[in-house]
Amino acid sequence: CKLVDGGVVADPSHGNNRVVLDPIVRIGRESACHDKVQSLLAQNIACEAERRDFRGSSSSSSSSSPIEKPSVDYLHKVVSAAKVVGVSALTAPRSPLLAGQHFDVVIVDEAGQISQPAVLGAIMAADTFVLVGDHMQLPPLVVSDVAEEAGYGISMLMHLAEGFPNA
């Protein structure tokens, strides 16, 4: 929200189309995002771009765009052009939009609350990763005794903090 409040997105009330000024994209469901972040959702940016292109290529200026969902091509263009992609650690390895994508850096917030298997998919998409959080606060939520015994209750942040205490 601070990025949006700080002017990352042009204000639609100024007569401009809502345009992302810096290529920041959020992947996820609209219902899972704060209202101020919804303009950064990949599907919303792609749909808007596709509508704009449809209107621009239409011979009649009075024709309305039938586009309600963006095409896969437009979604991939939006994600590929982004310099910053926001996504949950659990969504990152499962999203078809991120399949084959490589990032310079992956930053994982609240890393002390994410199990090692859950965070691995996200951090494997980059050469460098940053885990942010406090390994002494809330651990990953594990409801299965079998999973707990297998180590799923230990975060990557805790594992690294214990393995490299002077780092």
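Attention in this report is confined to the structure presented alongside it. (Residues numbered from 1 in each chain as written. Predicted model: local features only at pLDDT ≥ 70, side-chain atom pairs only at ≥ 80, totals over all residues. Heavy atoms only, no water.)

## Concerning the overall build of the chain
Inference 1: Helix and strand counts for the chain stand at six helices and four strands.
Inference 2: Among the 167 residues that make up the chain, the fraction classed as buried is 34%.
Inference 3: The contacts in the chain between residues at least 6 apart in sequence include a share of 47% that link residues at least 24 apart.
Inference 4: When the accessible surface of the chain is split by element, carbon and sulfur atoms take 55% of a total near 10900 Å². (Helix = DSSP H or I, 4+ residues; strand = E, 2+ residues; numbered from the N terminus. Buried < 20%, exposed > 50% of the residue type's maximum accessible area, 1.4 Å probe, protein only. Contact = heavy atoms within 4.5 Å. Areas by Shrake-Rupley, 256 points an atom, 1.4 Å probe, with all protein chains shown as cover.)

## Some points on helix 3 (residues 72-81)
Inference 1: Of all the residues in helix 3, the buried ones are Tyr74, Leu75, Val78 and Val79. End-on view of helix 3: buried residues confined to an arc of 130°, all on one side of the axis. Away from the buried face of helix 3 by more than 90 degrees, exposed residues Val72 and Ala81 are located. (Arc of directions from axis to C-beta.)

## Things to note about the pairing of strand 3 (residues 103-108)
Inference 1: As paired elements, strand 3 and strand 4 (residues 126-131) share five bridges and run parallel to each other. Looking at strand 4, one finds that Val108 is bridged to Leu131.
Inference 2: Viewed along the sheet, the connection from strand 3 through helix 4 (residues 116-123) into strand 4 turns out right-handed. (Pairing = 2+ DSSP bridges. Right-handed = clockwise from strand over helix to strand, strands pointing away.)

## Concerning helix 4
Inference 1: Among all positions in helix 4, only Gln116, Ala118, Val119, Ala122 and Ile123 are buried. The buried residues of helix 4 occupy an angular sector of 155° when the element is viewed end-on, so they sit on one face.
Inference 2: On the buried face of helix 4, the contacting elements are strand 3, strand 4 and helix 6 (156-163).

## With respect to a nonpolar patch on the surface
Inference 1: On the surface, a cluster of nonpolar side chains totalling about 330 Å² of accessible area is made up of Val105, Ile107, Val130 and Val132.
Inference 2: Of note, Val130 is situated in strand 4. (Patch = residues over 30% accessible without salt bridge, like charges linked within 9 Å, V, L, I, M, F, W, Y side chains within 5 Å. Salt bridge = Lys/Arg side-chain N within 4 Å of Asp/Glu carboxyl O.)

## Considering the packing of aromatic side chains
Given two aromatic rings, one states the distance between the centres and the angle between the planes to describe the pair.
Inference 1: Going through the model one piece at a time under the given rule, you end up with zero aromatic pairs.
Inference 2: Stacked on the ring of Tyr74, the Lys or Arg Lys77 has its end atom at 5.1 Å from the ring centre. (Phe/Tyr/Trp six-rings, centres within 6.5 Å; stacked < 30°, edge-to-face > 60°. Lys NZ or Arg CZ within 6 Å of the ring centre and 35° of its normal.)

## Concerning the nonpolar core
Inference 1: If you look at the biggest cluster of nonpolar residues, it comprises 30 residues, and the most contacted ones within it are Ile27, Ala42, Val108 and Leu131.
Inference 2: Elements with a minimum of two residues in this core: helix 2 (42-57), helix 3, strand 3, helix 4, strand 4 and helix 6.
Inference 3: When near neighbours in sequence (up to four residues on either side) are disregarded, Val108 contacts Ile114, Val119, Ile123, Val130, Leu131 and Val132. (Core = buried A, V, L, I, M, F, W, Y, C linked by side-chain atoms within 4.5 Å.)

## Some points on the environment of Gln43
Inference 1: Tracing the chain through its elements places Gln43 in helix 2.
Inference 2: By relative accessible area, which is 25% here, Gln43 ends up partly exposed.
Inference 3: Spatially, the C-alpha atom of Gln43 lies 6.4 Å from that of Pro70, the residues being 27 residues apart in sequence.
Inference 4: Other than its neighbours up to four places away in sequence, Gln43 contacts Gly28, Arg29, Glu30, Pro70 and Leu75.
Inference 5: At 3.0 Å, the side chain of Gln43 and the backbone oxygen of Gly28 are in polar contact. (Polar contact = N/O pair within 3.5 Å; in protein donor to acceptor, adjacent residues only side chain to side chain.)

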